[in-house]
Amino acid sequence: MSRTPLDTVENAAATPDVELPWAELGLKKDEYERVVEILGRRPTGAELAMYSVMWSEHCSYKSSKVHLRQFGEKAPQSDALLVGIGENAGVVDVGQGYAVTFKVESHNHPSYVEPYQGAATGVGGIVRDIIAMGARPVAVVDPLRFGAADHPDTKRVLPGVVAGIGGYGNCLGLPNIGGEVVFDACYQGNPLVNAGAIGVMRHEDIHLAKASGTGNKVILYGARTGGDGIGGASILASETFDDAKPSKRPAVQVGDPFQEKLLIECTLEAFAEKLVVGIQDLGAAGLSCATSELASNGSGGMRVTLDDVPLRDSTLSPEEILMSESQERMCAVVEPEKVDRFLEICDKWDVIATVIGEVTDGDRLEIFWHGGKIVDVDPRTVAHDGPVYERPYARPSWQDALQADDANKLPRPATGEELKDQVLRLVSSPNQASKSWITSQYDHFVQGNTVLAQPEDSGMIRIDEETGLGVAIATDGNGRYAKLDPYAGAQLALSEAYRNVATTGAKPLAVSDCLNFGSPEDPAVMWQFAEAIRGLADACQQLGTPVTGGNVSLYNQTGDVAIHPTPVVAVLGVIDDVARRTPVAFQEEGQLLYLLGDTHEEFGGSAWSQVVHDHLGGLPPKVDLERERLLAEILISASRDGMIDSAHDLSDGGLIQAVVESALQGGKGARLIVPDGLDAFTFLFSESAGRAVVAVPRSEELRFNDMCGARGLPVTRIGVVDGTESEAAVVEVQGEFALSLTELRTAHEATIPALLA
Amino acid sequence: MARVVVDVMLKPEILDPQGQAVQRALPRLGFEGVSDVRQGKRFELEVDGPVDDAALARIHELAESFLANTVIEDFTVKVEEVAEVGK
Amino acid sequence: MARVVVDVMLKPEILDPQGQAVQRALPRLGFEGVSDVRQGKRFELEVDGPVDDAALARIHELAESFLANTVIEDFTVKVEEVAEVGK
Amino acid sequence: MTARIGVVTFPGSLDDRDTQRAIRLAGAEPVALWHKDKDLKQVDAVVLPGGFSYGDYLRAGAISRFSPVMETVIEQAKSGMPVLGICNGFQVLTEAHLLPGAMLGNNHLHFICRDQKLRVENAGTAWTADYAAGQEIHIPLKNMDGRYVADEHTLDMLEAEGRVAFRYVVRGEAADGCGNPNGSLRDIAGITNEAGNVVGLMPHPEHAVEPLVGSGRTDGLPFFTSILKKLVNA
Ligand SMILES: Nc1ncnc2c1ncn2[C@@H]1O[C@H](COP(=O)(O)OP(=O)(O)O)[C@@H](O)[C@H]1O
Ligand SMILES: [Mg+2]
């Protein structure tokens, strides 16, 4: 088939009957008709390329938008929020003139296909979002989900993902300060690779993705553009327009962390010299996204000459260039008189930079190729006017049966010996075992400001050396809870991350999320999704922590079987002086152990029900957000006033899991007494929310009890820190059993290496 | 005993940051006239017994499923003469 | 334009954990009869102009001073036929 | 007058700012040096910091070794200027043949990050005078290519001449940072040249200078106070 010379706007207007492969590009018939209606003519190939990627689920949030709105509608009043949802990442005021930006994103599917590169480019993408706000990235986190720990494919996927996250993040010089590793058969064909990043800037340095100021130049800088991630566009290029083209276009992108490190440094240098008017990273949908978003968020239009884009592959068609998702690229808008200096800085860092266009005074986005105009659109229609679906949703028919299958009725251990055996099974189970085989592959020292890193309850970074101002972050999500009740599950994810931040002494300020679900075309999944958002938005409102941004990942399913609904929630907190942080590890023998909060018989979705009975049913623990808030206040006050020397929140695995972790990290034993009114099993394994264990120096006992009493937080003395590891210390539950730290350490630390090394 | 060599290279359309870094360094070393550098892996397998077609087919399969990730890499399998390789 | 290939392998006396990891994995993959695996690097250089002795000598020098670290690695340089390499 | 200590930034250097901070905390003046400049700005000593210069592509340190700044560093090091290579800096020093041997990938094939226990074997170098010989210290280790390799003859020579500056402590509990973390021959963590002015090691002393961050210990500070004293007393 011979190709018309160039599918220009003019040509499109003159040939209304030419059929374009809109279906192959993933557009629905009515979506295509909408494009024709917007343009008043058929789109050119290049325009079709842009609309099709920008209106994809991934870029347009067409299935999720109607629900995501609640994060805005229910947003609590917060003075801390400087930039909210809608920008590359939200920005939070943390005081002293500092602002922090943070966000979590998914790279699930690519990481299944090519674990190393998929995970690596996931880190690369989230870090560019952070730079695009004007911030210096200071840390990364990586919430991960894999299939069953002993499944052979987990041995392929996990080590690759971990090496990729480490390979990229370590090479960028970003400390990895937290994350999660969860195994469950439901993630077998759909591992979840979420990556989060935090950046810090001064208030005045906040940058936004908008192109303003007629005559300002649009500069593309970073890696050359190759044929990465343009499956759809190559159809466009080969079938309709030119059969002779090489059809080989990579489905997987390869990351170049070194290039990204240069990109960070040269961008920050340009920011410091105030050279940048607007900026956008190139991620999904590449130049299509960057140009249309920059133009539609700014005051004017934009003209771009595609011939000026530096290419890695000279055979690329203009449609492909527009859709390419080549990594490590950014787009900046710069005043004409500052262009030379901008290019100089890029040159200093050996970064290729090219002026590819300028801001115009119209309101059109015009793109040229070989002298012809191939795109002439209102950029808003590309970037913001995508389709919106009200997908049907319905509570699945099996939900009732699942909830009726009560975990509280499962057989419980009857003797001290059985309890001991189940404790060992719990702390050595893949989900509760030490993840240090994984986290020791991540640099947590680089940048010299890491105050807390894994396995602490939250990661903490010092952002001001003089005053000790710091920020903390924790990410959590329990798919088992969410499966039992997505509304409560999402709230429990928030509660846990909030609690983790407060446990280290930081005040929770804001939330980002990554919502991982199955297919939105399944009404049951859509119900889970809607419920989770409703739960999260309600809880954020009540806790006063606005959602500043996030990411939705749908279609995580194999055939008809969806993953557990997995809302991952990141909470950001601030601490005035990092010297006051509270670690997990027991510090000193003789300190008193207190349990904060109420313990009920709550085993639905618990680690115990999974490890001992391979069971998932019943209801998840009850949510009590007021209690979470009170607990957080107590933990923060206690840390600020030096009343506690260590603290650990209780979550999956319950009290015994937390005590064992604190003991192993501190190399100190503990003697526990089952409190009145509780049986040993419930005391040790229940997963009631809103709880923490703290170690209080004897000198502070009175003051601490008074504070809890005055504020109405239940506090129970449960034992004492006792013995050191070198002298054969134990974790003992009086009258039930004792386990030596050596035995516990082996159980806790040997599991993951044995499965993966 | 025979030596089978499996060369694994990134597919031509895939970015090769390592090769590029080498190429960009060449002019600084006073080395001109190299228009492209690609860096890949070379596996030398010492195989017991005869390397017949069946053995080669199995090594091919090994390369395809394990030594290379064919989503991003191509590979070649060849038998190397047993003679000592010159420097 | 011609392609020159530089193969770089660890010297035999140097421990090659990558090669060993491959070798250890083989039985698990149902693959017997490989007594040793070594993993090295392969560089493909696209050279402008003719690859005469002088050019080869320069590439040899490049390999010696840059592509390989001769404290730990050996290398070979060869010109590859321009013909398409089969899979 | 205090000492001026240069810290080179190569493209991909990561711990350059951290090293400057450590120098400042020790009381000396850190001076940023740029890889494209041959000029060392009249510093009294140079640190090549950690990181992934040029992405560690090809081999760790192999590309940086040819940068303009290294021409001067090599020349000056040979005439006695103190030079410390940390991690990637150590790799650059071996690639530049200022120190013998080579660095290879860790024997377990993973990046490793942990607080590592070391023994100071030579307290007579420009960078170790504030330690006592035989002293055991904890210094963070974080690298992919930390396996020190040299031929037997070179290793024997290093031992005979007392040029093994640091060794990994291998007896004791792994939880306490003991054990050879990467398969380095003879547990070597760091070495010095004959004159004692050039020292390279894999662990990162600049991340053990403040109690609040990094490893939470200050065992790395003596590197920077050693050189400061030497330079100020010189
Ligand atoms: N993939 C990971 N990357 C970094 N840190 C991780 C990862 N997985 C787990 N961690 C860390 O290990 C510790 C224990 O994890 P987890 O049990 O999930 O914590 P919690 O129950 O407090 O949320 C935490 O400090 C967490 O940040
Ligand atoms: Mg926790």
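Just above, that's the structure.
Note that this is a predicted model, so its numbers are computed, not measured.

Colleague: How should the pattern of salt bridges be read in this particular structure?
Modeller: All names here are of chain A. Tallied over the entire structure, the rule returns 80 salt bridges over all chains. Ionic pairing is found between E633 and R711, a salt bridge with its closest N-O pair at 3.9 Å. Of this pair, E633 sits in helix 22 (residues 625-640) while R711 is found in helix 25 (residues 701-711), placing the two residues 78 residues apart along the sequence. Overall, E633 belongs to the partly exposed group, its relative accessible area being 36%. The class for R711 is partly exposed, based on a relative accessible area of 38%.

Colleague: Mind showing me how you'd approach the interface of chain B and chain D here?
Modeller: By a widespread convention, an interface's size corresponds to the accessible area lost as its parts come together. Contact with chain B, which involves eight residues of that partner, is made by six residues of chain D. Across the chain B/chain D interface, buried area totals approximately 630 Å², and carbon plus sulfur atoms make up 69% of it. At the boundary of chain B and chain D, one finds zero salt bridges. There are two residue pairs in polar contact (both at pLDDT 80 or more) connecting chain B and chain D. Take the side of chain B that touches chain D: its biggest share by element is five residues, from helix 1 (residues 17-25) of chain B.

Colleague: I'm lost on the relation of the copies chain C and chain B in this one. Help?
Modeller: The two chain copies are connected by a rotation around an axis plus a translation along it. Laying chain C over chain B is done by rotating through 180° and shifting 0.1 Å along the axis; what remains is an RMSD of 0.2 Å. Between the two chains, the operation in question is that of a two-fold axis. Among all residues of chain C, the one whose C-alpha sits closest to the rotation axis is K41(C), at a distance of 2.3 Å. Taken as a fraction of all interface residues of chain C, those also at the interface in chain B reach 100%, which identifies the copy contact as same-surface.

Colleague: I tried to follow the site of ligand 1 on my own but got confused; where do I start?
Modeller: Residue and element names in this part refer to chain A. Around ligand 1, 19 residues are found, and the nearest of them are D142, G179, P455, E456 and D476. Within the backbone of V181, a nitrogen or oxygen atom sits 3.4 Å from a nitrogen atom of ligand 1. A distance of 3.4 Å is found between an oxygen atom of ligand 1 and a side-chain nitrogen or oxygen belonging to D457. Compared with its free state, where it exposes 550 Å², ligand 1 has 87% of that area covered by protein. Counting residues per element, the ones that place at least two in the shell around ligand 1 are strand 4 (136-146), strand 5 (176-183) and helix 19 (486-503).

Colleague: Looking at this structure, how should I read the interface of chain C and chain B?
Modeller: Taken together, the 38 residues of chain C in the interface contact 39 residues of chain B. Each partner contributes to the roughly 3,200 Å² buried at the junction of chain C and chain B, and carbon and sulfur atoms together form 63% of this total. Put simply, chain C and chain B have two salt bridges between them. Of the charged contacts in the structure, one is a salt bridge between R42(C) and D7(B), with a shortest N-O distance of 2.9 Å. On the surface where chain C and chain B come into contact, there are 14 residue pairs in polar contact (both at pLDDT 80 or more). It is strand 2 (residues 34-47) of chain C that provides the largest number of residues to the side of chain C that touches chain B, a total of 14 residues. Class assignment of the residues belonging to the side of chain C that touches chain B gives a composition of 18 nonpolar, seven polar and 13 charged. Direction of pairing for strand 2 (residues 34-47) of chain B relative to strand 2 of chain C: antiparallel, over a ladder of 13 bridges. Opposite K41(B), over in strand 2 of chain C, you have K41(C) as the bridge partner.

Colleague: For this particular structure, what's the right way to read empty space enclosed by the protein?
Modeller: Taking a probe equal in size to a water molecule and rolling it over the atoms shows the remaining empty space. All names here are of chain D. Counting across every chain of the model gives eight cavities of 30 Å³ or more. There is about 100 Å³ of room inside the largest cavity. Contributing to the lining of the largest cavity are 15 residues, with G51, F52, C87, K142 and N143 lying nearest its centre. Split into classes, the residues belonging to the lining of the largest cavity amount to five nonpolar, five polar and five charged. Roughly 70 Å³ of internal volume is contained in the second largest cavity.

What counts, and where the lines are drawn
Residues numbered from 1 in each chain as written. Chains lettered and ligands numbered in written order. Predicted model: local features only at pLDDT ≥ 70, side-chain atom pairs only at ≥ 80, totals over all residues. Heavy atoms only, no water. Salt bridge = Lys/Arg side-chain N within 4 Å of Asp/Glu carboxyl O. Helix = DSSP H or I, 4+ residues; strand = E, 2+ residues; numbered from the N terminus. Buried < 20%, exposed > 50% of the residue type's maximum accessible area, 1.4 Å probe, protein only. Contact = heavy atoms within 4.5 Å. Buried area = accessible area lost by both parts, 1.4 Å probe. Polar contact = N/O pair within 3.5 Å; in protein donor to acceptor, adjacent residues only side chain to side chain. Least-squares fit on C-alpha atoms with pLDDT ≥ 70 in both. Near = heavy atom within 4 Å. Areas by Shrake-Rupley, 256 points an atom, 1.4 Å probe, with all protein chains shown as cover. Nonpolar A, V, L, I, M, F, W, Y, C, P; charged D, E, K, R; others polar. Pairing = 2+ DSSP bridges. 1 Å grid on protein atoms, 1.4 Å probe; cavity = no way out; pocket = protein on both sides within 12 Å on 5 of 7 lines; lining within 4 Å. Points joined across faces, edges and corners; volume = space filled by probe spheres on them.

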